[in-house]
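Listed below are the residues making up each chain.
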Amino acid sequence: LTIACIIAPPPDLPKATGRRPVIMHDSVVPPADEILATIPSEFLVPVELDDPSQPFEYDVFIDYDPVTQTGLKIAPTRIDPSTIALDGGIFLVSFQLDPSSSELVSGFCHRIELLVAHAFNPGAPHTPDSRGGDSVTWLYNGGGAGAGCPPYDASALGDGGWMPQDENADGLLVTPESGGGP
Amino acid sequence: MRATAIVCIALAACSPVASEPEATAVANTCPEHACSAYTQPGAAPACIDGQCRVSALLANTVILVSLAEDSYFAPGRTFAVSLADLEEGSSPADSAGATAHLRNLSVQDGAYTVSPQVQRDTLHFPLNDVGIATTLPVTVTYRPLWPLDSATAVAEASTLGLPLDPITTESVVNQSSPDPGPAGGPSYRFRTYLQPGHYERTIAPKPPLDRIFPPDVSIVNALPASGFVNDLMFIDSTKETTPATNMVPTFDLSRAKGFDGWTTCLRDQTTKRRISNLALLHGTTQNVVLATNHHPPDMDALHNAELVMVPPPGDKLPTGVFAPTGGTIGSQLNYLPVPPPATVTGTIASDRGGPVEADLVFEAMGIYAQAQTTQELQLFPTSYFEYTGQTTARLQRGVSRYSIQLPPGRYRLTVRPLPGPETSGVYAVKVLEAPPIAVEPQATPVLVPPVTVSPQVVLSGTATVWDGRALPDALVEGVPLECTQGTLPWCLPRWAPPAVTNAEGWFQLALDPGTYAVRVRPREGTGFPWVTQTVPVGLPTEASADASSDGPVEGSTTPDGADGSPADGGVAPRQPADLKPRVPAPVYAGMTLLDVQGNPIVNAIVRAYRLPADAGAAPASGAPTSSDLSAPQAVEIGRAITDATGHYDMLLAP
């Protein structure tokens, strides 16, 4: 009996390094696959955390310039979710943008980017630390049309696209709803 | 000796493990915290599933369900359903909430088709040589009305504060249609899907066809069904004709200095949205046809319409505005001569004298023009001219300066200070309109007296739970209500950076003057609901209505968490008072959402909004703890995301 009590318990498993926070891209509001004609009252981004107690950071860029590393609109903001705070490890990040701000001049295409990471590199808020990060990008054109923005893949039902039958080679490519060829 | 050592080791190994320190967050748990301690008005809380909850009907609550892009049902669409309707059509609730089905979609399918008669006889613009109906490429916009399912819906949902953005779609080539496109080309049709309900639909021909053919504006009831609607163009005529033969509105426009590069159209007087074709102007006089197709209730093409003459971009000239409703067709509309623009300069500084960079907007309250009868310069109100100029005051050699060219007149100046390294802290928005900025003709340059801005109003308060506990770690936001009206391109007041309550529940917010919903969001998972309180901040009192005063802006709130109306029934008090929001035991409003075929609505963001019972009305008495109904627009009161079964938990204030 004494010998049994002496036996040391197995050592703890090494603690796994936390994984990067992941954006649930399909649940982002407003959807990121359309060119925004107006700035919504609020952007909502669900972030899935591997460990609900793990803090993470997010920041927002408008027209990030990788040469000058400018365009930061919302500085890295730390979120400290508690274990009781998250249902299924999903945290809803929300932020607002002022459509009249000088960065969102009407008539031009703008790129709004939200990044999440365990932490960002000091002095380089567009670069996550070694655990990696995730991002979602919206294209905004205050003129109301897609002029100036890169073309996007228009699904047949999603944006009113009509399945072409004999589309000529110069026409816009339309993805058939069924996924099959025209 | 050996046995003693073994016993010591065994004792150490079997000693209790020290527990982790408990989180300091205050939570709604029972029976640890007795539900009887909640002294909130209304139904008494009871301990249900380990939380103190109450049973109550949630009036004026709207649920917005934003479906995921990979959803099987209505991907990317946002459904808006009143909570009462959602519960009415749901299965009986259990402790996990009810199960409700979203309604089937309405597939909108149509084309903008112009008949040969409209082409040739009405608009004198044949689209093909063979004289047949022709479809045009268009952009279609559906603006949700509220209530969506009511035929009496009169307000756009967005104006009520519901984040229901317009749904737009583009027509595409459809070679199976019998009606060709312009010049005998391929046909155009549009198709999209919507939540069933009432919408304002605008079908706008794309440039350059928009110069001849007007947008089709109508209220449509999108039914849960699909079907092609060939919306044959109907051009409105006017009854204001002499002799009494209906005709398309036609105007004779003139400007002594010429119209090259100018455009004109009719627009709705209320929404300011274009309702006619966009005609290009040239020469000094021009006869223009401005057709509408906006299904006016009295079949008058000029119903609630106004004509605008718009100068080329970059010209420092005001837009001419004419309200021809009740006038006669073919009337002479003359753009009166306007004196040349003047250069306006000035500086912006803080109340301590330091420079403050800022965005500025000058909105015309009156414009000088040469009267037709007397040939003298006269100040015309904005019902004849409108002009808005924007500039930014930037730091130059230690002073924040601006310069802008404006047509002579009277202007309201709005100053929106910018945060930046040059300024310590954020300064409040300032509006100068009484007296307005005077820009006299031939007075160049105009030097505006220095504008002084003050720090934002600091609002503080203490958040508690109705059982007496302080509420630490809660997010407190100032949600601006009621965008400034007029031609101002900004929505004021601005969103304030949120604050977090400390261990005693204390918080502090810096706000612009205006009306806010101060919203307290207890930390997620604590089991407490969000609460809001309408707070007017720094509104002028009767004694201090001089908006040109450079004195500091003062906060005004209602005492002790009341409804937001002034305590004395008159104007708002000037002295800031501490807010004391109290968080009640919530109502459980979780639910399981399914589509029409019974599939779960997965990973959808669900938001709850409380609509005002009656805008401007006082809230129900005795309900200071909940999201009050006195807010002039909808305010978000809860948020969740559905799981793999379509279920979400939501706790709302009663």
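Quick note: structure is the one above.
Cut-offs used in this document
- Residues numbered from 1 in each chain as written.
- Chains lettered and ligands numbered in written order.
- Predicted model: local features only at pLDDT ≥ 70, side-chain atom pairs only at ≥ 80, totals over all residues.
- Heavy atoms only, no water.
- Helix = DSSP H or I, 4+ residues; strand = E, 2+ residues; numbered from the N terminus.
- Areas by Shrake-Rupley, 256 points an atom, 1.4 Å probe, with all protein chains shown as cover.
- Buried < 20%, exposed > 50% of the residue type's maximum accessible area, 1.4 Å probe, protein only.
- Contact = heavy atoms within 4.5 Å.
- Phe/Tyr/Trp six-rings, centres within 6.5 Å; stacked < 30°, edge-to-face > 60°.
- Lys NZ or Arg CZ within 6 Å of the ring centre and 35° of its normal.

Student: Could you give an account of the overall build of chain A, naming the residues involved and the relevant values?
Tutor: Along its length, chain A carries 1 helix and 10 strands. Overall, chain A shows an N-to-C arrangement of helices and strands of α-β-β-β-β-β-β-β-β-β-β. Summed over its atoms, the accessible surface of chain A is roughly 9,800 Å², and 57% of this surface lies on carbon and sulfur atoms.

Student: So what about the environment of Gln-633 of chain B? Which residues, and what values?
Tutor: Residue and element names in this part refer to chain B. Looking at where Gln-633 falls in the secondary structure, it is placed in the loop between β43 (605-610) and β44 (635-641). Residue Gln-633 is classed as buried on the basis of its relative accessible area, which comes to 19%. Between the C-alpha atoms of Gln-633 and Ala-510, which are 123 residues apart in sequence, the distance is 22 Å. If we skip the residues at most four places from it in the chain, Gln-633 touches Leu-160, Gly-161, Pro-480, Leu-481, Glu-482, Arg-610 and Pro-612.

Student: Would you mind going over the packing of aromatic side chains in detail, with residue names and values included?
Tutor: Residue and element names in this part refer to chain B. Applying the stated criterion across every chain yields a total of 15 aromatic pairs over all chains. On the basis of an interplanar angle of 85 degrees and a centroid distance of 5.9 Å, the ring pair of Phe-125 and Phe-213 is categorised as edge-to-face. Within this pair, whereas Phe-125 is found in the loop between α3 (116-122) and β7 (134-135), its partner Phe-213 is found in the loop between β13 (197-205) and β14 (216-222), the two being separated by 88 residues in sequence. Given the relative accessible area of 32%, Phe-125 is considered partly exposed. In this structure Phe-213 comes out as buried when scored by relative accessible area, which is 1%. Arg-77 extends its terminal NZ or CZ atom over the ring of Tyr-193, reaching a point 4.3 Å from the ring centre. Positioned above the aromatic ring of Trp-466, the side-chain terminus of Arg-582 is 3.7 Å from the ring centre.

Student: Which residues make up unusual backbone geometry, and what values go with them?
Tutor: Residues and elements named next belong to chain B. Residue Pro-31 follows Cys-30 across a cis peptide bond; omega there is 15 degrees. Position of Pro-31 among the secondary structure elements: in the loop between α1 (2-14) and β1 (46-48). Residue Pro-435 follows Ala-434 across a cis peptide bond; omega there is 5 degrees. Looking at the secondary structure, you find Pro-435 in strand β30 (residues 430-439). Its identity is not glycine, yet Asn-304 carries a phi of approximately 55 degrees, on the positive side. In this structure Asn-304 comes out as partly exposed when scored by relative accessible area, which is 25%.

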